[in-house]
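# An overview of the molecular structure
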Amino acid sequence: MNNDIPPADLRVFCAVVRASSFSKAAEGLGMSPAYVTKRIRILEEHLGTPLFHRTTRRVVVSEAGERAYHWAQRILDDVDHLVEEVGVTRREPRGLLRICSSFGFGRRVVAPALSAFAAKYPAVQVRFEVFDRLVDVAAEGFDLDVRVGDDIAPHVIARKIASNHRVLCAAPSYLEARGTPRTLAELATHDCLVIKERDHPFGVWRMRRGHQEHTVKVLGPLSANNGEMVVQWAVDGRGIILRSAWDVGPLIAEGKLVQVLAQYRQEANIWAVYPSRLNSSAKVRVFVEFLESYLAAA
C-alpha cells in the first residue's frame, strides 16, 4: 500500500479540525466542500482509522484524530521550515509560530501585539503560552521567547527589541505611614512585596546606581509569582515593589504609586530569544521586526 501522505492533505485536515466543519474549512481554503470531504476520506483510508465523528451540525475530532492533528502540525511545521531555509519563498512568513513569555508582560503587551500581527499575517498560526519560569526555547519546542530581563544564556540568539528598567515604588499611603527610605540599605527594614517570577532570585534585589551594582536582601508580609497581583498590593499600600517601568509607569503618572530611591534602577530590557537553528526563519524574523515596531510605537 502507498503510505505517502501529501502535505496538502494534512493542511486540509488541520483546517477542518480548527473549523470543526468541512464547509467552513473549504471556504477558508478556497476549495469545494466535496473536495475537502474527498481528501479527508483518502487520509482516513491511508491511516486506517476515522479522524472525525460526524453529526448533522458539526464534526468532532476523534481520539485518533487528536493524535493525527498533533503529528500533522509537527510535520507541516517541518515542511515550512524546509521551505524557509532553502526555498525561494523563504521571505514569506507562514506556518505555526510557537511563542512564549512571562505572565504579566505576555498578557499586557505580547498578546495585543499578537492580535495585530495575526491580522497582518493570516498565513501564520500562532500558539502563545505564558510561564512563571525561564523557558529553554530549543528544548521545549518554542520558536521564540519574548523575555524581560538581561540574563541571556550564551547558547541562544537574543535580540534587544526595546529598552526597559525596573524601579522602586510604593503607594503614598504606605510612605506616609512608614516613611520614605533614603538609602538602599533601609529597604531591609521596610515591607517589600516580592515577585517570584521566572528566573529572578527570590527576595534579592540587584540595583544599579550609575556604573555601580548594589544588592539588598528584602522581606515582607506578602509575595507571589504573579506581578499583577503584587502591583495591586502596592497600590493598596501594603509595601514597596520593584517593577518594570512599562507596568508601573502609568500608575506613577496617576499618583497611585510614588517612585522611591530614584537614583537606583535595575536594567530589564525586552529581548527576543530564539534557537540558532531558527535564525533564518521568515516567520520568526518578521514577528521580531513587527514586535520591535509595535513596542516603539506604544
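Above: the structure in question.
Report follows, based on the coordinates. Quantities reported herein were computed from a predicted structural model and do not represent experimental measurements. (Residues numbered from 1 in each chain as written. Predicted model: local features only at pLDDT ≥ 70, side-chain atom pairs only at ≥ 80, totals over all residues. Heavy atoms only, no water.)

### Here's the deal with unusual backbone geometry
Heads up, the condition is: Secondary structure elements follow DSSP: runs of H or I of four or more residues count as helices, runs of E of two or more count as strands, with numbering from the N terminus. Buried, partly exposed and exposed residues are distinguished by accessible area as a fraction of the type maximum, computed with a 1.4 Å probe on protein chains only: under 20%, between the cut-offs, and over 50%, respectively.
Of note, S20 is a non-glycine position whose phi angle comes to about 55 degrees, a positive value. With respect to the helices, strands and loops of the structure, S20 is situated in the loop between helix 1 (7–19) and helix 2 (22–29). Residue classification places S20 among the partly exposed positions, given a relative accessible area of 22%. In this structure, L261 takes a positive phi of about 50 degrees despite not being glycine.

### What to know about the pattern of salt bridges
We apply this condition: Throughout this description, the term salt bridge denotes a Lys or Arg side-chain nitrogen within 4 Å of a carboxyl oxygen of Asp or Glu.
A complete count under the given rule lists 15 salt bridges for this structure. With a shortest N-O distance of 2.6 Å, E292 and R159 are connected by a salt bridge. On the criterion of sequence distance, the pair formed by E292 in helix 9 (residues 282–297) and R159 in strand 6 (residues 157–162) is long-range, its members being 133 residues apart. Residue R159 is classed as partly exposed on the basis of its relative accessible area of 30%. Several salt bridges converge on common partners, so that one network encompasses R108, R243 and D247.

### Examining the environment of R11
The residue R11 is located in helix 1 in this model. With a relative accessible area of 26%, R11 lands in the partly exposed category. A C-alpha to C-alpha distance of 25 Å links R11 and V137, two positions 126 residues apart in sequence.

### Details of the packing of aromatic side chains
Going by this rule: The rule is short: rings of Phe, Tyr and Trp, with Trp giving its six-membered ring, pair when the centres are within 6.5 Å, and they are stacked under 30 degrees, edge-to-face over 60, tilted in between.
Enumeration according to the criterion identifies nine aromatic pairs in this entry. Aromatic side chains F13 and Y69 sit 6.4 Å apart centroid to centroid with 75 degrees between the ring planes, which places their arrangement in the edge-to-face category. Of the two residues, F13 is situated in helix 1 and Y69 in helix 4 (residues 63–86); the sequence distance between them amounts to 56 residues. Residue Y69 is classed as buried on the basis of its relative accessible area of 16%. Plain terms: the ring middles of F117 and Y121 are 4.9 Å apart, the flat faces sit at 35 degrees to each other, and that makes the pair tilted.

### Concerning the sheet that holds strand 4 (residues 124–131)
Hydrogen bonding along the main chain pairs the strands of a sheet, whether they run parallel or antiparallel. Threshold: Following DSSP output, two strands are said to pair if at least two bridges run between them. Angular values range over 0 to 180 degrees, each being the angle between N-to-C directions of two axes fitted as lines to C-alpha atoms, with helices fitted over their stretch in contact. What makes two residues a contact is simply this: any of their non-hydrogen atoms within 4.5 Å.
The strand order across the open sheet formed by five strands is 4-3-5-15-6, and the pairing between neighbours is mixed. Looking at strand neighbours, the two that pair on one side only are strand 4 and strand 6, the edges of this open sheet. In this sheet, neighbouring strand axes are inclined to one another by 25 degrees on average, regardless of whether the strands run parallel or antiparallel. In terms of strand pairing, strand 3 (residues 95–102) meets strand 4 through eight bridges, oriented parallel. Its bridge partner being in strand 4, L96 is matched across the sheet by Q125. Against the sheet, helix 9 makes contact with strand 3, strand 5 (144–148), strand 6 and strand 15 (270–274), and its axis sits at roughly 25 degrees relative to strand 6, the strand it touches most.

### Examining the packing of helix 1 against helix 3 (residues 33–47)
A pair of packed helices is characterised by two quantities: the angle between their axes and the separation of those axes. Heads up, the condition is: For classification purposes, angles smaller than 35 degrees are called roughly parallel, those larger than 145 roughly antiparallel, those between 65 and 115 roughly perpendicular, and all remaining angles oblique. Amino acids outside the nonpolar list (Ala, Val, Leu, Ile, Met, Phe, Trp, Tyr, Cys, Pro) and the charged list (Asp, Glu, Lys, Arg) are all regarded as polar, and Gly is one of them.
Viewed as axis vectors pointing N to C, helix 1 and helix 3 meet at an angle of 110 degrees, and their least axial separation amounts to 9 Å. Relative to helix 3, the element helix 1 is oriented roughly perpendicular. Residues D9, L10, V12, F13 and V16 of helix 1 touch helix 3, and the partners they reach there are V36, R39, I40, I42 and L43. In terms of residue class, the contact of helix 1 with helix 3 is made up of eight nonpolar, no polar and two charged.

### Description of helix 2
How we decide: Think of the arc as the fan of directions from the helix axis to the C-beta atoms.
Taken together, the buried positions of helix 2 are F22, A25 and A26. When helix 2 is viewed along its axis, its buried side chains cluster within an angular range of 100 degrees and face the same direction. Those residues of helix 2 that are exposed and aimed more than 90 degrees away from the buried face are K24, E27 and G28. Tucked into the core, helix 2 has its buried residues touching helix 1, helix 3, strand 1 (52–54) and strand 2 (59–61). Looking at the residues trailing helix 2, positive phi occurs at G30, about 75 degrees.

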